[in-house]
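# Chains, contacts and geometry: an overview
One-letter residues, chain by chain:
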Amino acid sequence: MTGMPQLDFALDTYECIVIYPGPAGRALPSETVQRLQAEHFEHMQALQRRGIVLVSGSIDGPAREPAPPIGIGLARTGSVDDVRSVMEADPAVQAGLYQVDVLSFLCPAGSLEFPLVKAQG
């Protein structure tokens, strides 16, 4: 990571998943959108059960135009490319309803907990 300051504390690294409206979203029939949204939810649930995605959800509110993000998630696999690959396999992404970016997210070590992941483990 360029320009990383010297810190006197440890960092945890996660993969941050950011979901945006896709290029085909407005052109798809509402029945198709509903089906793809359900398949997206199932895909994300499966990734959580496999321990790839720690948490995910929708976001709403004023944001940058023309395509504000509509969902975020965090994973912790050690590989942005691996997470991008499983997210690009999402049926809603493949159909163009959504598009996805995966970025590194760093925060002070131990500052995040995921109790639902622990409960499932």
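Just so it is clear, the structure is predicted and the values come from calculations on it, not from any experiment. Along each chain, the written sequence defines residue order, and numbers are assigned to residues from 1. Residues qualify for local features only when their pLDDT is at least 70, as the model is predicted, and side-chain atom pairs are given and counted only at 80 or more; totals for whole chains, interfaces and linings, by contrast, use all residues. Computation of side-chain values: all heavy atoms of the structure, hydrogens and water removed.

## Examining the packing of aromatic side chains
Short version of the rule: Paired rings are identified among Phe, Tyr and Trp, the last through its six-membered ring, by centres lying within 6.5 Å, and are further divided according to the angle between planes into stacked (under 30 degrees), edge-to-face (over 60) and tilted (the rest). Labels follow the DSSP assignment, with helices taken as runs of H or I lasting at least four residues and strands as runs of E lasting at least two, numbered in each case from the N terminus. Over a ring means this: the NZ of a Lys or the CZ of an Arg is within 6 Å of the ring centre and within 35 degrees of the ring normal.
All told, the structure shown has 2 aromatic pairs when counted by the stated rule. Each ring, one from Tyr14 and one from Phe105, has its centre 6.4 Å from the other, and the planes form 50°; the classification is tilted. Separated by 91 residues along the polypeptide, Tyr14 in strand β1 (residues 11–21) and Phe105 in strand β4 (residues 98–108) bring together distant segments of the chain. Taking 6.0 Å as the distance between ring centres and 65° as the angle between the ring planes, the aromatic pair formed by Tyr14 and Phe114 counts as edge-to-face. In this pair, Tyr14 is assigned in strand β1 and Phe114 in the loop between β4 and α4 (115–120), connecting sequence segments 100 residues apart. Members of the aromatic cluster, joined through ring pairs, are Tyr14, Phe105 and Phe114. A cation over an aromatic ring shows up here: Arg76 above the ring of Tyr14, its NZ or CZ 4.8 Å from the ring centre.

## Some words on the pairing of β1
The line we're drawing: One bridge is not enough; two strands pair if DSSP finds at least two bridges between them.
When β1 meets β4, the two strands line up antiparallel, connected through 11 bridges. Looking at β4, one finds that Asp12 is bridged to Cys107. Bridge count for β1 against strand β3 (residues 71–75) is 5 bridges, and the pairing is antiparallel. Bridging from a neighbouring strand, Glu15 pairs with Ala75 of β3.

## Details of the sheet that holds β1
Under the convention used in this document: Each axis is a line fitted through C-alpha atoms, and for a helix only the stretch in contact is used; angles between axes span 0 to 180 degrees, taken between their N-to-C directions. Residues are treated as being in contact if the distance between any of their heavy atoms lies within 4.5 Å.
Spatially, 4 strands are ordered β2-β3-β1-β4 in an open sheet, and the strand pairing comes out antiparallel. Looking at the sheet topology across the chains shown, the edges are occupied by β2 (53–58) and β4. The average angle at which neighbouring strand axes cross in this sheet is 20°, direction not considered. Sheet topology note: the β2/β3 ladder contains 5 bridges and is antiparallel. In the strand pairing of β3, Gly57 is matched with Ile72. Across the sheet, helix α1 (residues 30–49) touches β1, β2 and β4, and the angle it forms with β2 is around 155°. Against the sheet, helix α2 (residues 80–88) contacts β1, β3 and β4, and its axis sits at roughly 150° relative to β4.

## Overview of α1
Basically, it comes down to this: Any helix carries an expected span of 1.5 Å times its number of residues minus one. Relative accessibility under 20% of the residue-type maximum defines a buried residue, over 50% an exposed one, and the middle range a partly exposed one, all with a 1.4 Å probe and only protein chains included. Of all possible arcs, the one meant is that of the directions from the helix axis to the C-beta atoms.
Counted at 1.5 Å a residue, the expected span for α1 with its 20 residues is 28 Å, and the 29 Å between its end C-alpha atoms agrees. Every buried residue belonging to α1 is among Thr32, Val33, Leu36, His40, His43, Met44 and Leu47, and all of these are buried. Across the axial projection of α1, the buried residues extend over an arc of 105°, all falling on one side. Away from its buried face by more than 90 degrees, α1 exposes Glu31, Gln34, Phe41, Glu42 and Arg49. On its buried side, α1 packs onto β1, β2, α2, α3 (91–94) and β4. The first or second residue beyond α1 is Gly51, which carries a positive phi of 80°.

This is a description of form; function is not addressed.
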